[in-house]
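# Summary of structural features
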Amino acid sequence: MSDSLIQELEDAERDERLKKFWDENGGYILMGCLLAILMTAFISGWRSWNDKVNAESTAGIMAAMDTGNVAERLSSVAGQVRPGARFVAHITAAGKFAEAGEYEKALAEYNAVEADTELADGFRDLARVQAVRVQIILAADELKNGGTTEIVPESLTARLETVWGNPNSPWRFHARYYAALAEATLNKNYSAARSHLAPVLAQDNPLSTLKERAASLDHVYKLEAARNTPVDQEIVVPEDAKG
């Protein structure tokens, strides 16, 4: 048998195998190609839509920043934008309200962030800590001149425990710091306050401004505990707690 005839037979056999393979799998191959094309189109469309929505969210916040009443406008815009932009709107509005002494409105903004399950835990922890800071200020103002307050240290520390109990939270030491402020400012329990400051003072970062502030508070609380401060002493919230 000549070489050319052998080659023809081998080619025919190969063609037959290819035809059989295509008959069995051709439909799946075409379907896979179609799905790949559709997926590429979908991803491209989604990216385009996502970029458009992000741009609109950013534009909404920037427009709110240009208005006369920035805090109120940001608070309003927060409900119309995506999670990341929503966080920025609420937090910025809270800061503006606090600067104006409108602590109840600032608290509402922080509470909104804390309750937003679409936000990252770190964002919600920050809002939780800041909300307690504002509550301490509100309670201290109510207690001045012999007034009363419904805000109790136990409720504040319970709120903060979620934060300091999470070893991965970047705000865990801030939570301890404000728990100390709550105990000392509202309950005059300087021992409990110092126990909250202890983990802050024990942290390794020597450049931490929070650690420096905690050291100052700890020194004051140590002196106050030794003096057995009377209960009717004027309530004072440190300035750095208001900032």
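## Let's talk about the pattern of salt bridges
Applying the stated criterion to the full structure yields 9 salt bridges. With a closest N to O distance of 2.8 Å, Arg128 and Asp125 form a salt bridge. Residue Arg128 and its partner Asp125 are both found in helix 5 (residues 121-143); the two are separated by 3 residues, about one turn of the helix. Exposure remark for Asp125: the relative accessible area of 6% places this residue in the buried category. Ionic contacts of the salt-bridge type, sharing partners, join the residues Glu114, Asp125, Arg128 and Arg159 into one network.

## Regarding the nonpolar core
Generally speaking, soluble globular proteins have nonpolar side chains that are buried together. Ranked by size, the top nonpolar core spans 43 residues in total, and within it Leu160, Tyr177, Tyr178 and Tyr221 carry the most contacts. By residue number, the principal contributor to this core is helix 7 (residues 172-187), which donates 10 residues. Those residues within four positions of Tyr221 in sequence are excluded, and the remaining contacts are Ala180, Leu181, Ala184, Tyr190, Ala193, Arg194 and Leu197. Within the second largest apolar cluster, 5 residues are counted, among which are Phe87, Val113, Leu126 and Ala127.

## So, helix 9 (residues 209-227)
Taking 1.5 Å of rise per residue, 19 residues should cover 27 Å, and helix 9 covers 27 Å from first to last C-alpha, within 8% of that figure. Burial in helix 9 covers these residues: Leu210, Ala214, Leu217, Asp218, Tyr221 and Glu224. Down the axis of helix 9, the sector holding all buried residues measures 130 degrees, keeping them to one side. Every exposed residue of helix 9 that faces more than 90 degrees away from the buried side is listed here: Thr209, Ala226 and Arg227. Summarising the contacts, the buried residues of helix 9 are in contact with helix 7 and helix 8 (190-202).

## What to know about the packing of aromatic side chains
One pass over the full model with this rule turns up 3 aromatic pairs. Taking the centre distance of 4.0 Å and the plane angle of 10 degrees together, the rings of Phe87 and Phe123 count as stacked. A residue pair is termed long-range when its members are at least 10 positions apart, and Phe87 in helix 3 (residues 83-99) and Phe123 in helix 5 qualify at 36 residues. Note on Phe87: relative accessible area 10%, which makes it buried. An angle of 90 degrees between the planes, with centres 5.1 Å apart, marks the rings of Tyr177 and Tyr178 as edge-to-face.

## Examining unusual backbone geometry
Glycine aside, residues mostly have negative phi angles, and peptide bonds mostly take the trans form. One non-glycine residue, Lys188, lies in positive phi territory at about 55 degrees. If you trace the backbone, Lys188 turns up in the loop between helix 7 and helix 8.

## What about the packing of helix 7 against helix 9?
Viewed as axis vectors pointing N to C, helix 7 and helix 9 meet at an angle of 25 degrees, and their least axial separation amounts to 11 Å. If you check the angle between helix 7 and helix 9, you find them roughly parallel. The chirality of how helix 7 crosses helix 9 is left-handed. Of the residues in helix 9, those in contact with Phe173, His174, Tyr177, Tyr178, Ala180, Leu181 and Ala184 of helix 7 are Leu210, Arg213, Ala214, Leu217 and Tyr221. Considering only residue class, the contact of helix 7 with helix 9 consists of 10 nonpolar, 1 polar and 1 charged.

## Things to note about the confidence of the model for the protein
When pLDDT is averaged along the protein, the result is 79, and 69% of the positions lie at 70 or above. Within the protein, helix 6 (residues 153-164) carries the highest mean pLDDT (94), whereas helix 10 (residues 239-242) carries the lowest (49). In this model, residues 230-237 is a region of pLDDT below 50 whose contacts with residues beyond four sequence positions or in other chains number 15 contacts.

## Re helix 4 (residues 103-115)
Across its 13 residues, helix 4 extends 18 Å between first and last C-alpha, which sits within 8% of the 18 Å expected from 1.5 Å per residue. Restricting attention to buried positions, one finds in helix 4 the residues Tyr103, Ala106, Leu107, Glu109, Tyr110, Val113 and Glu114. The arc that holds the buried residues of helix 4, viewed along the axis, is 160 degrees, so those residues lie on one side. Seen from the open side of helix 4, the exposed residues pointing more than 90 degrees away from its buried face are Glu104 and Ala115. Looking at the buried side of helix 4, the elements it contacts are helix 2 (70-77), helix 3, helix 5 and helix 6.

About the thresholds
Residues numbered from 1 in each chain as written. Predicted model: local features only at pLDDT ≥ 70, side-chain atom pairs only at ≥ 80, totals over all residues. Heavy atoms only, no water. Salt bridge = Lys/Arg side-chain N within 4 Å of Asp/Glu carboxyl O. Helix = DSSP H or I, 4+ residues; strand = E, 2+ residues; numbered from the N terminus. Buried < 20%, exposed > 50% of the residue type's maximum accessible area, 1.4 Å probe, protein only. Core = buried A, V, L, I, M, F, W, Y, C linked by side-chain atoms within 4.5 Å. Contact = heavy atoms within 4.5 Å. Expected span 1.5 Å × (residues − 1). Arc of directions from axis to C-beta. Phe/Tyr/Trp six-rings, centres within 6.5 Å; stacked < 30°, edge-to-face > 60°. Axes fitted to C-alpha atoms, helices over the stretch in contact; angles between N-to-C directions. Parallel < 35°, antiparallel > 145°, perpendicular 65-115°, else oblique. Left-handed = near helix turned anticlockwise from the far one by under 90°. Nonpolar A, V, L, I, M, F, W, Y, C, P; charged D, E, K, R; others polar. pLDDT = per-residue confidence, 0-100.

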